[in-house]
Amino acid sequence: MSRKTALVVAPGRGTYNKDELGYFARHHGQRGELLDAFDAMRRSAGQVPLSELDGAERYSVATFSRGDNASALIHACALADFQAIDRDAFDIVAITGNSMGWYIALACAGALNRDDGFRLVNTMGTLMQEALIGGQILMPFVDEDWVEIPGRREVLFALCDEIAGLYVSIHLGGMIVFAGDDAALAACEARLLPMATGRFPMRLANHAGFHSPLQAPVAAKGRAALTPGLFRGPALPLVDGRGQAWYPLSTDTRALWDYTLGHQVVAPYDFTAAIRTGMHEFAPEAVIVLGPGTTLGGAVAQSLLALKWQGLSDKAGFQTRQETDPLVLSMGIAEQRKTVTG
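Everything quoted here is computed from the prediction, not taken from an experiment.

Caption draft 1: Molecular detail of the packing of helix H7 (residues 114-131) against helix H10 (residues 216-225). In contact at an axis separation of 10 Å, H7 and H10 are set at 145° when each is read in the N-to-C sense. Remark: the crossing between H7 and H10 carries right-handed chirality. Contact with H7, carried on its side by Thr 123, Met 124, Leu 127, Met 128 and Ala 131, involves Val 218, Lys 221, Gly 222 and Ala 225 of H10 and no other residues of that element. Looking at side-chain class alone, the contact of H7 with H10 contains six nonpolar, two polar and one charged residues.

What follows is the structure, given as structure tokens:
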């Protein structure tokens, strides 16, 4: 049986929640050496080992949403998921990720070795947590059927021109993530209230103002702590948060370091563009979303709908397609995980 080509998508912050407690132990007990290596690095830095976090009796938002804990834990789970993909069934043609998922993608693609990939994630997660500059708000511009509300996106973008210190942080399928300081976020929330629906606008717990100029001090510390020499040419193509592809044998590793610890930290992350490039450039037959969690699947689907990929135009049509010939396979969903891991 021929292999399916696949675009792999790595998750960002906010994907290891109460339902994911014990994710690594449940799915990757046989990959204990991976967690042992990461635990040793955490202990040497005076941090709680990941095995202790993943093995906790109960989930605590205060503990698990912290950047220095969440980033490292999500990285370990996602990297182990990547290693668990059945390569006899799937030919991975490219890797991308959302926000922090870019760091995970670098490790999956081999642009950083195992230890340096973890060092990047753990260092940046820790620096973000120590500084905790600003915050984020998530707001959709699509309706419940994932169809764009006419004019809504333009209204949301305009807020950044009208409110001092408010920035677009992430283009996330049918949603926009704003970044700003407390005053800017409060003003943003007040302006969004007339458009409120369900959980939105949603203030993201323990999230700094990622992907905005607010993070310039964090970027500077990251560049000082993580040298260009850690980076190497990827073994698989990568798509970054601008929608730019990086290819094996032609990647300038200094430029890759500069983007990762420069633009990627202080400028908007366009996840929608990353999916667009991944689909148009590599034409995969499937999109595999690494765990933990299942929340990123919706943003991937909304990005595909924006492309009218293979005629898809709304949530109902996407769900019908998923029932008969799944296009998006989320490793955080048990049945879809079986398909991916064999």
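Caption draft 2: Spotlight on the state of the cysteines. Per the stated rule, a full pass over the model turns up zero disulfides. There is no disulfide at Cys 160, and the cysteine sulfur nearest it, in Cys 188, is 7.3 Å away.

Caption draft 3: Local environment of the pattern of salt bridges. Evaluation of the coordinates by the stated rule reveals 13 salt bridges. Note that Asp 91 and Arg 3 form a salt bridge whose closest N and O atoms lie 3.9 Å from each other. Of this pair, Asp 91 sits in strand E2 (residues 90-97) while Arg 3 sits in the segment before strand E1 (4-10), and the two are 88 residues apart along the sequence. Since its relative accessible area comes to 28%, Asp 91 is described here as partly exposed. Exposure remark for Arg 3: the relative accessible area of 42% places this residue in the partly exposed category.

Caption draft 4: Region of interest: the nonpolar core. Formed by 116 residues in total, the largest nonpolar core has its most connected members in Ile 85, Ile 95, Phe 178, Phe 271 and Val 300. Each residue touching Val 300, except ones within four places of it in the same chain, is listed here: Val 9, Phe 271, Ile 275, Val 287, Val 289 and Val 328.

Caption draft 5: Spatial organisation of the packing of helix H2 (residues 32-44) against H7. Interaxial distance between H2 and H7 falls to 11 Å at its minimum, and their mutual angle equals 50°. When the axis of H2 is compared with that of H7, the two are oblique. Crossing hand, H2 versus H7: right-handed. Two secondary-structure elements touch here, H2 through Glu 33, Leu 34, Ala 37, Phe 38, Met 41 and Arg 42 and H7 through Arg 114, Asp 115, Phe 118, Arg 119 and Asn 122.

Calculation notes
- Residues numbered from 1 in each chain as written.
- Predicted model: local features only at pLDDT ≥ 70, side-chain atom pairs only at ≥ 80, totals over all residues.
- Heavy atoms only, no water.
- Axes fitted to C-alpha atoms, helices over the stretch in contact; angles between N-to-C directions.
- Helix = DSSP H or I, 4+ residues; strand = E, 2+ residues; numbered from the N terminus.
- Left-handed = near helix turned anticlockwise from the far one by under 90°.
- Contact = heavy atoms within 4.5 Å.
- Nonpolar A, V, L, I, M, F, W, Y, C, P; charged D, E, K, R; others polar.
- Disulfide = S-S within 2.5 Å.
- Salt bridge = Lys/Arg side-chain N within 4 Å of Asp/Glu carboxyl O.
- Buried < 20%, exposed > 50% of the residue type's maximum accessible area, 1.4 Å probe, protein only.
- Core = buried A, V, L, I, M, F, W, Y, C linked by side-chain atoms within 4.5 Å.
- Parallel < 35°, antiparallel > 145°, perpendicular 65-115°, else oblique.

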